[in-house]
Amino acid sequence: RIVNLTDPPKLRFDSFVVCTRPVPNANATLPCNVTGPSDLSLLSISWMRNGSAVALFRNTTSTINEGYSWNISDFVNGDFSLTVLRASLNLQGLYECKVDYNSTILHSSNVTLSILGMCWPFSPSAFPTVSVPQQWVVLERENQLKCHAEGFYPPPVSFSWTRNGKEIQPPYTTAGHPAPDGQSLVRTHTYAFLFSDPASVRLSVLPSSSNNIPLTLTCDVESFYPEDVSVTFLQNGTVLPIPPATEQNSGGTYTTRRYYTLSSSQREQGGLVQCVVNQPGVEHPVSSSANLDTLDPKGKILGQNNQHW
């Protein structure tokens, strides 16, 4: 067949934006259409992605990378569209279709493939899902909190940390990496800090007007954080039950005073009494101890009188 190229077709340049949603196994078609040429032996077609060839057709021979396909039977109709198989984040980018006919550039077009519909004039629709796994921290040691952001696009993403509404670490901007589904991004940011709010414990007794009435122990626990603590009263190593009560200080820590009323027989028994405080994340409990004979001299006198009887 004789082709008249005395008046060759004018160069045509098109620009497209192709958006695709994260549908599992979904393909994306990148358009490239030219009217006129029909002799495949004179056609030269190339698809480039970010400057690298992904599909070539020359001298009626097709070469195409894995992950892409096209229908050569459509070439005679001027359809040189490229199909991206199972389109995912690692296949998005700027694609260029170039068609030469008898060594003359006939057509050139750019196609931007973007996942999750992040294309102008659409607004971002892939917002991150943020989670911070709950964990206890150890006082007087460096601890780490992790913040997970996943399912977002496009990058980058910015992390910042606050405590009680106050910023403790300025925003940190970073890119993500593909999630297992290949359709979005995921990123984890770690915040390291030293947590040091150990409790202060003081044991005392409420004044008693008589030696024959119950005696109330008080245990003052101050400047601790977080709010959850366990306060235990012991007498001679035996645990005594306690009622809970806490209040928050202006500095953000908590204060509590716990009471335990010793019966007359326990008061007479005397010996070592302790207030033991256990806090989450603290390896060893904090305690205060005293000899009941020192805290309650009256009880000692009462015990001596009873022994005399």
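Conventions adopted
- Residues numbered from 1 in each chain as written.
- Predicted model: local features only at pLDDT ≥ 70, side-chain atom pairs only at ≥ 80, totals over all residues.
- Heavy atoms only, no water.
- Helix = DSSP H or I, 4+ residues; strand = E, 2+ residues; numbered from the N terminus.
- Buried < 20%, exposed > 50% of the residue type's maximum accessible area, 1.4 Å probe, protein only.
- Contact = heavy atoms within 4.5 Å.
- Areas by Shrake-Rupley, 256 points an atom, 1.4 Å probe, with all protein chains shown as cover.
- Phe/Tyr/Trp six-rings, centres within 6.5 Å; stacked < 30°, edge-to-face > 60°.
- Pairing = 2+ DSSP bridges.
- Disulfide = S-S within 2.5 Å.
- Salt bridge = Lys/Arg side-chain N within 4 Å of Asp/Glu carboxyl O.
- Core = buried A, V, L, I, M, F, W, Y, C linked by side-chain atoms within 4.5 Å.

Okay, the overall build of the protein next. Along the backbone of the protein there are three helices and 23 strands. By residue count, 37% of the 309 residues in the protein fall in the buried class. A separation of at least 24 residues holds for 60% of the contacts in the protein among residues at least 6 apart in sequence. Roughly 17,700 Å² of accessible area belongs to the protein as shown, and the carbon and sulfur atoms make up 50% of that amount.

Next up on the list: the packing of aromatic side chains. Applying the stated criterion to the full structure yields five aromatic pairs. Ring geometry for tryptophan 70 and phenylalanine 75: centres 5.2 Å apart, planes at 85°, overall edge-to-face. Under the relative-accessibility criterion, phenylalanine 75 is labelled buried at 0%. Where phenylalanine 233 meets tyrosine 260, the ring centres are 6.0 Å apart and the plane angle is 35°; that geometry is what we call tilted.

This brings us to the sheet that holds strand E7 (residues 82-84). As summarised here, the arrangement of the three strands in space is E2-E7-E6, forming an open sheet in which the pairing is antiparallel. At either end of the open sheet lies a strand with only one pairing partner, and these are strand E2 (28-30) and strand E6 (68-69). In this structure, E6 lies alongside E7, joined through two bridges in antiparallel fashion. Across the sheet, tyrosine 68 pairs through a bridge with valine 84, a residue of E7.

This paragraph deals with the environment of glutamate 66. Considering the arrangement of structural elements, one finds glutamate 66 in the loop between strand E5 (61-64) and E6. Relative accessible area serves as the criterion here: at 80%, glutamate 66 is assigned to the exposed category. Taking C-alpha positions, glutamate 66 is 9.6 Å from valine 84, a pair spaced 18 residues apart along the chain.

With the rule as written, the count across this model stands at two disulfides. With a sulfur-sulfur separation of 1.6 Å, cysteine 219 is cross-linked through a disulfide to cysteine 275. For the disulfide bridge between cysteine 219 and cysteine 275, the dihedral angle about the S-S bond is near -80°, and by the sign convention the bridge is left-handed. With a gap of 56 residues between them, cysteine 219 in strand E17 (residues 215-224) and cysteine 275 in strand E22 (residues 272-278) connect regions that are remote in the sequence. Looking at cysteine 275, the relative accessible area reads 0%, which means it is buried.

Here the focus is the pattern of salt bridges. All told, the structure shown has two salt bridges when counted by the stated rule. One salt bridge in this structure joins arginine 202 and aspartate 220, with 3.2 Å as the shortest N-O distance. With arginine 202 in strand E16 (residues 200-205) and aspartate 220 in strand E17, this residue pair connects regions lying 18 residues apart in the sequence. For aspartate 296, the salt bridge goes to arginine 267, with nearest N and O atoms at 2.6 Å. One end of the pair, aspartate 296, is in the loop between helix H2 (292-295) and helix H3 (297-308); the other, arginine 267, is in helix H1 (residues 264-269), and 29 residues separate them in sequence. Each member of the pair, aspartate 296 as well as arginine 267, is classed as buried.

This part is about the nonpolar core. The biggest cluster of nonpolar side chains holds 25 residues, and the ones touching the most others in it are Trp47, Leu82, Val84, Tyr95 and Val99. Mapped onto this core, the elements with two or more residues apiece are E2, strand E3 (43-49), strand E4 (52-58), E7, strand E8 (93-101) and strand E9 (104-115). Among the elements that make up this core, the one with the highest residue count is E8 (four residues). In this structure, valine 99 is in contact with Cys32, Val34, Leu43, Ser44, Ile45, Phe80, Thr104, Ile105, Leu106 and His107, ignoring residues within four places of it in sequence. Core analysis: the next-biggest nonpolar cluster, separate from the first, contains 19 residues, Phe224, Cys275, Val277 and Leu292 among them.

Time to look at the environment of leucine 272. Among the structural elements, leucine 272 can be located in strand E22. With relative accessibility at 40%, the residue leucine 272 sits in the partly exposed group. As a C-alpha pair, leucine 272 and asparagine 291 span 19 residues in sequence and 4.5 Å in three-dimensional space.

Consecutive residues of a regular strand have side chains that alternate between opposite faces of the sheet. Of the strand pairs in this sheet, strand E18 (residues 230-235) and E22 are connected by six bridges, and their pairing is antiparallel. By the bridge assignment for E22, glutamine 235 is matched with valine 273. Sheet topology note: the E22/strand E23 (residues 286-291) ladder contains six bridges and is antiparallel. Looking at the pairing, cysteine 275 lines up with serine 288 of E23.

Below, the discussion takes up the sheet that holds E17. Sheet architecture is open: four strands sit in the order E16-E17-E21-E20, paired in antiparallel fashion. Here the strands that pair on one side only, and so sit at the sheet edges, are E16 and strand E20 (247-248). Of the pairings in the sheet, the one linking E16 to E17 comprises six bridges and is antiparallel in character. Bridge pairing in E17 places arginine 202 opposite aspartate 220.

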